[in-house]
Amino acid sequence: MEHSEAQEFISYQPVIRTIGESLQVANDWYTYMNRRRSVREFSDRDVPDELINSIILTAGTAPSGAHKQPWTFCVVRDPSLKRKIREAAEHEERLSYNGRMSDEWLKDLAPLGTNANKPFLEQAPVLIVVFKRPYELEDDGSKHQNYYVSESVGIACGMLIAAVHQAGLVTLTHTPSPMNFLEKILNRPSNERAYLLMPLGYPAEDVMVPNIQRKSLDEICVRY
Ligand code: IYR
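In this report, the structure presented in the accompanying data block is examined. Predicted model only: the values in this text are computed from it and were never measured. (Residues numbered from 1 in each chain as written. Predicted model: local features only at pLDDT ≥ 70, side-chain atom pairs only at ≥ 80, totals over all residues. Heavy atoms only, no water.)

Bringing the sheet that holds strand 5 (residues 170–171) into the picture now. Taken in spatial order, the four strands of this open sheet run 1-2-6-5, and their pairing is antiparallel. Since the sheet does not close on itself, it has two edges, and those belong to strand 1 (71–76) and strand 5, each with one partner. As defined by bridge partners, strand 5 adjoins strand 6 (residues 193–201) across two bridges and the pair is classed as antiparallel. Residue pairing for strand 6: Val-170 is matched across the bridge by Gly-201. Contacts between helix 2 (residues 49–59) and the sheet are confined to strand 1, strand 2 (126–132) and strand 6, with strand 1 contributing the most and set at about 165° to the helix. Packing of helix 3 (residues 79–100) onto the sheet brings it into contact with strand 1, strand 2 and strand 6, and relative to strand 1 it is tilted by some 115°. (Pairing = 2+ DSSP bridges. Helix = DSSP H or I, 4+ residues; strand = E, 2+ residues; numbered from the N terminus. Contact = heavy atoms within 4.5 Å. Axes fitted to C-alpha atoms, helices over the stretch in contact; angles between N-to-C directions.)

This part covers the side chain of Ser-43. Along the polypeptide, Ser-43 turns up in the loop between helix 1 (19–34) and helix 2. Judged by its relative accessible area of 17%, Ser-43 is buried. A polar atom in the side chain of Ser-43 sits 2.8 Å from the backbone nitrogen of Arg-45. Leave out the neighbours within four places in its chain, and Ser-43 touches Gln-123, Pro-125, Tyr-202, Pro-203 and Ala-204. (Buried < 20%, exposed > 50% of the residue type's maximum accessible area, 1.4 Å probe, protein only. Polar contact = N/O pair within 3.5 Å; in protein donor to acceptor, adjacent residues only side chain to side chain.)

Consecutive side chains along a regular strand alternate between the two faces of the sheet. Taken across its six residues, strand 1 has five buried, putting it largely inside the fold. Where strand 1 meets strand 2, six bridges bridge the pair, whose relative direction is antiparallel. Its bridge partner lying in strand 2, Thr-72 is registered against Phe-131.

Cis geometry is found at the peptide bond from Ser-177 to Pro-178, where omega equals -5°. Locating Pro-178 in the fold gives a position in the loop between strand 5 and helix 7 (181–185).

What follows is about the packing of helix 1 against helix 6 (residues 149–166). Any two packed helices are characterised by how steeply their axes cross, that is the angle between the axes, and by the distance between the axes. At a closest axis distance of 10 Å, the pairing of helix 1 and helix 6 adopts a crossing angle of 90°. It follows that helix 1 is roughly perpendicular to helix 6 by the angle criterion. On helix 6, the residues touching Trp-29, Tyr-32 and Met-33 of helix 1 are Ala-162, His-165 and Gln-166. Of the residues that constitute the contact of helix 1 with helix 6, the class distribution is four nonpolar, two polar and no charged. (Parallel < 35°, antiparallel > 145°, perpendicular 65-115°, else oblique. Nonpolar A, V, L, I, M, F, W, Y, C, P; charged D, E, K, R; others polar.)

Keep in mind these numbers describe shape, not what the thing actually does.
Set out below in structure tokens:
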């Protein structure tokens, strides 16, 4: 224990369930999560801050390398900022769709019906812009390393998506590339890198989603 600092431990409070309850809850949760879809058209119905706060707190319960919690969730409601973000994202997307993405990539995307227009960046009442923090910056300018940053932030985003769905809201994982314009528009500190842009809100009335199928258990699971 030479190199480790004294660490306080507390008892873990497990969730106690019978096997029957576990099965029920697990199956219900799967059925519920299987209804989740990425939605690209939003209603203008507002989402209260209290709900956003709760969803972000859930994301913040994710495990992270050395418990560094290397994430920042920016909540954007200001219409002029949303417009700036949309304009910058569409600029990058136009370059991507008209040359940067391979023919194979464009063909793979065709069933999703996406293109360079991103009206949802203004339609959705809230944009959550997730930043990863490769290191922490102290006031004196010194840097402290974070660990498994992309893995940690990816897990947090997965938990955020689950919380969004649980709350009856919808989102989508938007990844304009490159997305460093988000660091500039939101004036983020030098240790933050844009990771994911998630518009969030209620779905537009009668919204349609692509008819795509999920892989079966046999296709995603190998037993040893
Ligand atoms: N970022 C672009 C293209 C895009 C890429 C993938 I991979 C997708 O699953 C969906 C879209 C866009 O948002 O349109």
